[in-house]
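Reading the structure
If you want the building blocks of each chain, they are given just below.
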Amino acid sequence: HRLFIYYFCPEERTYTDEYEYSYQEWAAKEYITSTPGSSIDQDQIKEFILSLANELDIKKIGYDKWQSNKLATELMDDGAKVESFGQTVGNFNEPLKFLEKLIVDGNLEHDGNPVNSWMFGNCSIYANNSGLRKIIKQNESLKIDGFVAALMAIGVYLNQQNKEVKSVYETG
């Protein structure tokens, strides 16, 4: 399994702060893409996704309803298949187990982007009373968006796999 995570950051926020990372350096090395201004340019992200869809066979795009409805609607209008993925413990449990198994079994390929390593390192595992797990930030000021997006993509993939498996009642 291959994991590719693409990062976008508002140009005005490409700075170096008290942590050992630099948005400026990452943008210069094309590990992240800067978008003009002080907020993410969703039009630029949409164009990137659509151009990527011309190169890859994208089955479905997962999105969080919070601040992504406009982008998801526009992608649907352009023919993309999208699926809402709520960021709950129940939704993240299976994707987290799946990703852990890929890593432990040595079956995960990735591009070596240092932003991935940084964000994955910012995570802790939270388990609720039922034993369901999800990732959380170790510290509120840290970023984990890439890891969250990866788990959402895996969740959408697993949902699709589950829909393709026929029940014994359907196979007759």
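Every value quoted in this text rests on a predicted model; they were computed, and no experiment measured them.

Calculation notes
- Residues numbered from 1 in each chain as written.
- Predicted model: local features only at pLDDT ≥ 70, side-chain atom pairs only at ≥ 80, totals over all residues.
- Heavy atoms only, no water.
- Core = buried A, V, L, I, M, F, W, Y, C linked by side-chain atoms within 4.5 Å.
- Buried < 20%, exposed > 50% of the residue type's maximum accessible area, 1.4 Å probe, protein only.
- Helix = DSSP H or I, 4+ residues; strand = E, 2+ residues; numbered from the N terminus.
- Contact = heavy atoms within 4.5 Å.
- Phe/Tyr/Trp six-rings, centres within 6.5 Å; stacked < 30°, edge-to-face > 60°.
- Pairing = 2+ DSSP bridges.
- Axes fitted to C-alpha atoms, helices over the stretch in contact; angles between N-to-C directions.
- Parallel < 35°, antiparallel > 145°, perpendicular 65-115°, else oblique.
- Nonpolar A, V, L, I, M, F, W, Y, C, P; charged D, E, K, R; others polar.
- Expected span 1.5 Å × (residues − 1).
- Salt bridge = Lys/Arg side-chain N within 4 Å of Asp/Glu carboxyl O.

1. Remarks on the nonpolar core
By size, the foremost hydrophobic cluster in this structure holds 14 residues, and its most contacted members are Phe92, Ile135, Phe147, Val148 and Leu151. Looking at this core, the elements with two or more residues in it are α4 (89-104) and α6 (145-164). The greatest single-element share of this core, amounting to 7 residues, is contributed by α6. Apart from the residues within four sequence positions on either side, Val148 is in contact with Gln87, Phe92 and Ile135.

2. What to know about the packing of aromatic side chains
Here the structure, examined in full by the defined rule, presents 7 aromatic pairs. For the ring pair Tyr23 and Trp26, a centre distance of 6.1 Å and an interplane angle of 85° mean the geometry is edge-to-face. Of this pair, Tyr23 and Trp26 both sit in helix α1 (residues 23-28), 3 residues apart, which is roughly one turn of the helix. Seen from their ring centres, Trp26 and Trp118 are 5.5 Å apart, and the 55° between their planes marks the pair as tilted. In this pair, Trp26 sits in helix α1 while Trp118 sits in helix α5 (residues 114-121), placing the two residues 92 residues apart along the sequence. Here the two residues Trp26 and Trp118 agree in accessibility, since each one is buried.

3. Details of unusual backbone geometry
Even without being glycine, Glu30 reaches a positive phi, approximately 65°. Using a relative accessible area of 70% as the deciding quantity, one classes Glu30 as exposed.

4. Comments concerning the pairing of strand β7 (residues 123-127)
Here β7 runs beside strand β8 (residues 133-137); their pairing, made up of 5 bridges, is antiparallel. Each bridged residue has a counterpart across the sheet, and for Ala127 the counterpart in β8 is Arg133. Adjacent in sequence and paired antiparallel, β7 and β8 are bridged by 5 residues, among which Gly131 carries a positive phi angle near 90°.

5. A look at the packing of α4 against α6
Contact pair α4 / α6: the axes reach a minimum separation of 8 Å and the direction vectors enclose 100°. With respect to α6, the axis of α4 lies roughly perpendicular. The segment α4 lies against α6, with Phe92, Glu94, Pro95, Leu96, Phe98 and Leu99 engaging Phe147, Val148, Leu151, Met152, Ile154, Gly155, Tyr157 and Leu158. Grouping the amino acids of the contact of α4 with α6 by side-chain chemistry returns 12 nonpolar, 1 polar and 1 charged.

6. Focus: the environment of Ser22
Tracing the backbone through its elements, the reader meets Ser22 in the loop between β2 (8-10) and α1. The class of Ser22 is buried, set by a relative accessible area of 11%. Sequence separation between Ser22 and Val115 is 93 residues, and the spatial gap between their C-alpha atoms is 9.7 Å.

7. Considerations on the side chain of Lys46
On the secondary structure map, Lys46 appears in helix α2 (residues 42-55). Residue Lys46 is classed as buried on the basis of its relative accessible area of 14%. With near-sequence residues (within four places) excluded, Lys46 lies in contact with Leu71, Glu74, Leu75 and Asp78.

8. Topic: α4
Along its 16 residues, α4 runs 22 Å from first to last C-alpha, staying within 8% of the 22 Å computed at 1.5 Å per residue. Contact partners of the buried residues in α4: β7, β8 and α6. Two residues or fewer after α4 comes Gly106, characterised by a positive phi angle close to 70°.

9. Brief notes about the pattern of salt bridges
Summed over all chains, the structure comprises 11 salt bridges. In this structure, the salt-bridge partner of Glu83 is Lys60, at a minimum N-O distance of 3.3 Å. One end of the pair, Glu83, is in strand β5 (residues 82-84); the other, Lys60, is in the loop between α2 and β4 (61-63), with 23 residues separating them in the sequence. Using a relative accessible area of 25% as the deciding quantity, one classes Lys60 as partly exposed.

None of this, on its own, says anything about what the molecule does.
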